[in-house]
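# Understanding the architecture of this molecule
Okay, here's what each chain looks like letter by letter:
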Amino acid sequence: MKHRIAFIGMGIMGLPMAGHLLDAGHTLTVHSRTKSKAATLLDRGAIWADTPADAARDAEFAFVCVTDTPDVHDVLLGDAGVATSASPGTVVVDHSTISPTATREMAQALQSGRQVALIDAPVSGGDVGARNATLSIMCGGDRQAFDRVSPLLALLGKTITYCGPSGAGQVTKLMNQVLVVGTLMAVSEAIAFAKRGGLDLHTALKAVSGGAAKSWQLEQLGPKIAAGDFAPGFMVDLVRKDLRLVAEFAEQSGLQLPATSLVQQMYEIVHTLGAGREGTQALYKAIEHLNS
């Protein structure tokens with residue numbers, strides 16, 4: 001069955017994700033703050049909308065992939081937001097990584113105001129996962145709405161998990177980020193240790209990747225660190241935002257996360273070094289800075 005879909009946010013993740021929906025034959029209307037970012041999709045038959053409200057007006061499903069909590073709030077509940085035009089029964093899918101608390105509040109506002117369901121569905125897998133449709137998608141919200149949108153999510157990701165009620169997808173994604181940054185910190189320190197020990201870094205990485213130290217971060221980002229490649233798949237400034245969300249939720253929950261707090265401080269060093277728009281593997285630069 002073909003659907004009328006809106007997709008709002010044409011960034012490094014949103015653009016290829018929207019492309020998969022278009023390739024599957026769905027009618028796709030897109031909106032982004034910068035129209036030129038949607039040019040490739042418009043050339044392939046997508047329809048441009050000047051506002052989120054225009055994009056969602058006739059949509060059965062509205063996908064959102066923007067940067068932070070205020071951006072999502074503006075897209076959904078702003079003066080020209082989705083809530084001003086969406087029909088009852090529309091399912092909104094938010095792929096952004098934002099505050100779980102704010103997600104629950106927006107879900108309630110959409111449901112009570114327009115009978116629109118909000119599925120929080122943050123993703124993991126970076127730009128490669130977005131391009132290859134192999135993302136891990138962590139979902140929270142109404143189960144029936146999730147079941148309705150699942151066939152579309154299957155076009156975007158390989159692992160799609162219903163995690164619980166509204167906000168559960170966001171909490172799961174933040175859990176994912178705790179795991180990611182902790183592992184990447186270990187990878188960065190290990191490479192610094194190997195380099196100081198005079199090892200050939202690529203040989204050392206190959207040696208440890210076959211044992212208990214194996215991880216996605218080691219296999220994918222370790223060689224990039226060794227090669228001095230800090231091009232972004234996922235930017236430092238975005239992981240700084242995610243760690244701020246982790247810290248906020250941990251504080252609200254009365255939870256101490258000492259290792260994650262340390263990594264957060266290290267990423268602030270990376271930012272002050274001018275590497276905020278580099279890839280998350282630039283965490284290694286903070287280790288080098290401390291040892292210079």
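Described below are features of the structure shown in this document. (Residues numbered from 1 in each chain as written. Predicted model: local features only at pLDDT ≥ 70, side-chain atom pairs only at ≥ 80, totals over all residues. Heavy atoms only, no water.)

### Describing unusual backbone geometry
Note the threshold: Where helices and strands are cited, they refer to DSSP runs of H or I of at least four residues and of E of at least two residues respectively, numbered from the N terminus. A 1.4 Å probe rolled over the protein chains alone gives each residue an accessible area, and that area as a share of the maximum for its type sets the label: buried under 20%, exposed over 50%, partly exposed in between.
Positive phi values are uncommon outside glycine, yet glutamine 115 reaches one of about 55 degrees. Note on placement: glutamine 115 falls in the loop between helix 5 (100-114) and strand 6 (117-120). Accessibility expressed as a relative area gives 41% for glutamine 115, which makes it partly exposed. The backbone phi angle of alanine 133 is positive, close to 55 degrees, even though this residue is not glycine. Inspection of the secondary structure assignment puts alanine 133 in the loop between helix 6 (126-132) and strand 8 (135-140).

### Some words on the packing of helix 11 (residues 236-253) against helix 12 (residues 258-272)
We count it as follows: All axes here are fitted lines through C-alpha atoms, helices being fitted over the stretch that makes contact, and every angle between N-to-C directions spans 0 to 180 degrees. Each crossing gets its hand from how the near helix is turned against the far one by less than a right angle, where anticlockwise is left-handed and clockwise is right-handed. Two residues qualify as a contact provided that any one of their heavy atoms is within 4.5 Å of a heavy atom in the partner residue.
Packing of helix 11 against helix 12 leaves a shortest axis separation of 10 Å and a crossing angle of 145 degrees. The way helix 11 lies across helix 12 gives a crossing that is left-handed. Residues Val236, Asp237, Val239, Arg240, Leu243, Arg244, Val246 and Ala247 of helix 11 lie in contact with helix 12, whose contacting residues are Thr260, Gln264, Tyr267, Glu268, Val270 and His271.

### Considering the packing of helix 8 (residues 168-196) against helix 10 (residues 216-227)
Which entries qualify depends on this criterion: Any angle that is under 35 degrees is reported as roughly parallel, and any over 145 degrees as roughly antiparallel; angles of 65 to 115 degrees are reported as roughly perpendicular and all others as oblique.
Relative to each other, helix 8 and helix 10 sit at 45 degrees, their axes nearing to 10 Å. The orientation of helix 8 with respect to helix 10, classified from their angle, is oblique. Helix 8 and helix 10 meet at a crossing whose hand is right-handed. Counting all contacts with helix 8, which are made through Val180, Thr183, Leu184, Val187, Ser188 and Ile191, the residues of helix 10 involved are Gln217, Leu218, Leu221, Gly222 and Ile225.

### Overview of helix 11
The line we're drawing: Each helix should span, by expectation, one fewer than its residue count multiplied by 1.5 Å.
The end-to-end C-alpha distance of helix 11, which contains 18 residues, comes to 25 Å, matching closely the 26 Å that a straight helix rising 1.5 Å per residue would cover. Where helix 11 is buried, its residues meet helix 4 (69-77), helix 8 and helix 12. One or two positions beyond helix 11, positive phi appears at glycine 254, with a value near 70 degrees.

### Re the side chain of threonine 103
In this structure, threonine 103 sits in helix 5. Not counting chain neighbours up to four residues away, the residues in contact with threonine 103 comprise Ile98, Leu118, Asp120, Ser166, Gly167 and Gln170.

### What about the packing of aromatic side chains?
Definition in use: Pairing of aromatic rings covers Phe, Tyr and Trp, the last through its six-membered ring, and needs centres within 6.5 Å; plane angles under 30 degrees mean stacked, over 60 mean edge-to-face, and all others mean tilted. Lysine and arginine charges are scored as sitting over a ring when NZ or CZ, respectively, is within 6 Å of the ring centre and within 35 degrees of the ring normal.
Tallied over the full model, the rule gives two aromatic pairs. A ring pair is formed by phenylalanine 7 and phenylalanine 63, whose centres lie 5.8 Å apart and whose planes are at 5 degrees; its orientation type is stacked. Of this pair, phenylalanine 7 sits in strand 1 (residues 4-8) while phenylalanine 63 is found in strand 4 (residues 61-64), placing the two residues 56 residues apart along the sequence. On the numbers, 5.2 Å between centres and 40 degrees between planes, the contact of phenylalanine 146 with tyrosine 162 is tilted. Highlighted residues: phenylalanine 146 in helix 7 (residues 143-153) and tyrosine 162 in strand 9 (residues 157-164), separated in sequence by 16 residues. Among the residues examined, phenylalanine 146 registers a relative accessible area of 6% and is labelled buried. Positioned over the ring face of phenylalanine 230 is lysine 285, at 4.8 Å from the centre of the ring.

### Observations concerning the environment of glycine 164
Examined against the element boundaries, glycine 164 turns out to sit in strand 9. Beyond its immediate stretch of four places on either side in the chain, glycine 164 contacts Cys139, Gly140 and Gly141.

None of the figures reported here should be taken as evidence of function without further support.
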